[in-house]
Amino acid sequence: TQLLEQSPQFLSIQEGENLTVYCNSSSVFSSLQWYRQEPGEGPVLLVTVVTGGEVKKLKRLTFQFGDARKDSSLHITAAQPGDTGLYLCAFPFNKFYFGSGTKLNVKP
Amino acid sequence: SAVISQKPSRDICQRGTSLTIQCQVDSQVTMMFWYRQQPGQSLTLIATANQGSEATYESGFVIDKFPISRPNLTFSTLTVSNMSPEDSSIYLCSVELTGKGQPQHFGDGTRLSIL
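A brief structural summary. (Residues numbered from 1 in each chain as written. Chains lettered and ligands numbered in written order. Predicted model: local features only at pLDDT ≥ 70, side-chain atom pairs only at ≥ 80, totals over all residues. Heavy atoms only, no water.)

## Details of the state of the cysteines
Which entries qualify depends on this criterion: Any two cysteine sulfur atoms within 2.5 Å of one another count as a disulfide. To qualify as a helix, a DSSP run of H or I must reach at least 4 residues; to qualify as a strand, a run of E must reach at least 2; elements of each kind are numbered from the N terminus. Partly exposed residues are those whose accessible area sits between 20% and 50% of the maximum for their type, while under 20% is buried and over 50% is exposed, using a 1.4 Å probe and protein chains only.
Counted by the stated rule, this structure contains 2 disulfides over all chains. One disulfide in the model links cysteine 23 of chain A with cysteine 89 of chain A; its S-S distance is 2.1 Å. What sets the handedness of the cysteine 23 of chain A and cysteine 89 of chain A disulfide is the S-S torsion sign, and at about 75 degrees it is right-handed. Note that cysteine 23 of chain A is positioned in strand S3 (residues 19–24) and cysteine 89 of chain A in strand S9 (residues 85–92), a separation of 66 residues in sequence. With relative accessibility at 0%, the residue cysteine 23 of chain A sits in the buried group. A sulfur-sulfur distance of 1.9 Å marks the disulfide that ties cysteine 23 of chain B to cysteine 93 of chain B. The S-S bond linking cysteine 23 of chain B to cysteine 93 of chain B shows a torsion near 70 degrees; that makes this disulfide right-handed. On the criterion of sequence distance, the pair formed by cysteine 23 of chain B in strand S3 (residues 19–25) and cysteine 93 of chain B in strand S9 (residues 89–96) is long-range, its members being 70 residues apart. No disulfide involves cysteine 13 of chain B; its nearest neighbouring cysteine sulfur is the one of cysteine 93 of chain B, lying 17 Å away.

Shown next, in the form of structure tokens:
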């Protein structure tokens, strides 16, 4: 059983489309992190959200932490091929718990 | 941040053999982690390696199969022993720089294929 469930598992869209990735749990978290992993590389941190209801923006990426701190979402506006990769949410505790992952493919 | 060098980047091995993966960090870190990842899937933690103590293994992973060394604060190795095709995977090391809640920094991984 995954502590952090992500949906969708796979997403293939055309360049210019918008998309949202969800990270859900029944547990409450003090913070959540989002990583992106490109093929042949390790995951790289995109953002950390800490406060319930918090919204953070990173260019075309918008991250939101749920009010109850049990879920988070990542919204990408006008997706580009460079956004292609595996998106992972993660909960840092004594060790890291990673979500089940969302594989995004943006076609030109 | 930290720069993590992982070697080899990929290898193809015969079943029954063992391979040691190296992870070098450009700064001293307390906690290093080893993960396994199937392509396109999430990461599964194998063990946590702290300098000066035995590695802590997650459920489903044992020291005889995945011995880990952590001789100093900048280096660690993971050995995949007596390999079988089921061990074909990507192996990643990561470090946590300071304290809880800090991001993890990853190496680029070792893509291992067992014939």
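## Side note on the packing of aromatic side chains
To describe a pair of aromatic rings, one takes the distance between the centres and the angle between the planes. Cut-off, in case you're wondering: For this analysis, a ring pair means two rings from Phe, Tyr or Trp (six-membered ring only for Trp) whose centres lie within 6.5 Å, classed as stacked if their planes differ by under 30 degrees, edge-to-face if by over 60, and tilted for the remaining angles.
Taken as a whole and assessed by the stated rule, the structure comprises 11 aromatic pairs over all chains. Taking the centre distance of 4.4 Å and the plane angle of 50 degrees together, the rings of phenylalanine 29 of chain A and phenylalanine 91 of chain A count as tilted. In this pair, phenylalanine 29 of chain A sits in the loop between S3 and strand S4 (32–37) while phenylalanine 91 of chain A sits in strand S9, placing the two residues 62 residues apart along the sequence. Both residues of the pair, phenylalanine 29 of chain A and phenylalanine 91 of chain A, belong to the buried class. Relative to phenylalanine 106 of chain B, the ring of phenylalanine 98 of chain A lies with its centre 6.0 Å away and its plane at 65 degrees, an arrangement referred to as edge-to-face. Here phenylalanine 106 of chain B lies in strand S10 (residues 104–106) and phenylalanine 98 of chain A lies in strand S10 (residues 96–98), a pairing that spans two chains. Site record: aromatic cluster; members linked through ring pairs are Tyr35, Phe96 and Phe98 of chain A together with Tyr35 and Phe106 of chain B.

## Things to note about the pattern of salt bridges
All names here are of chain A. We count it as follows: Any carboxyl oxygen of Asp or Glu within 4 Å of a side-chain nitrogen of Lys or Arg constitutes a salt bridge here.
For the structure on display, the rule yields 5 salt bridges over all chains. With a shortest N-O distance of 3.9 Å, arginine 36 and glutamate 38 are connected by a salt bridge. Through salt bridges with shared partners, a single network forms among Arg36, Glu38, Arg60 and Asp83.

## A word on the environment of tyrosine 91 of chain B
Put simply, the rule is: A contact between two residues is defined here by any heavy atoms of the two lying within 4.5 Å.
Tracing the backbone shows tyrosine 91 of chain B in strand S9. Tyrosine 91 of chain B has contacts with Gln6, Ile21, Tyr35, Arg36, Ile46, Phe66, Leu78, Val80, Gly109, Thr110 and Leu112 of chain B, leaving out every residue within four places of it along the chain.

Keep in mind that these numbers describe shape and distance, not what the molecule does.
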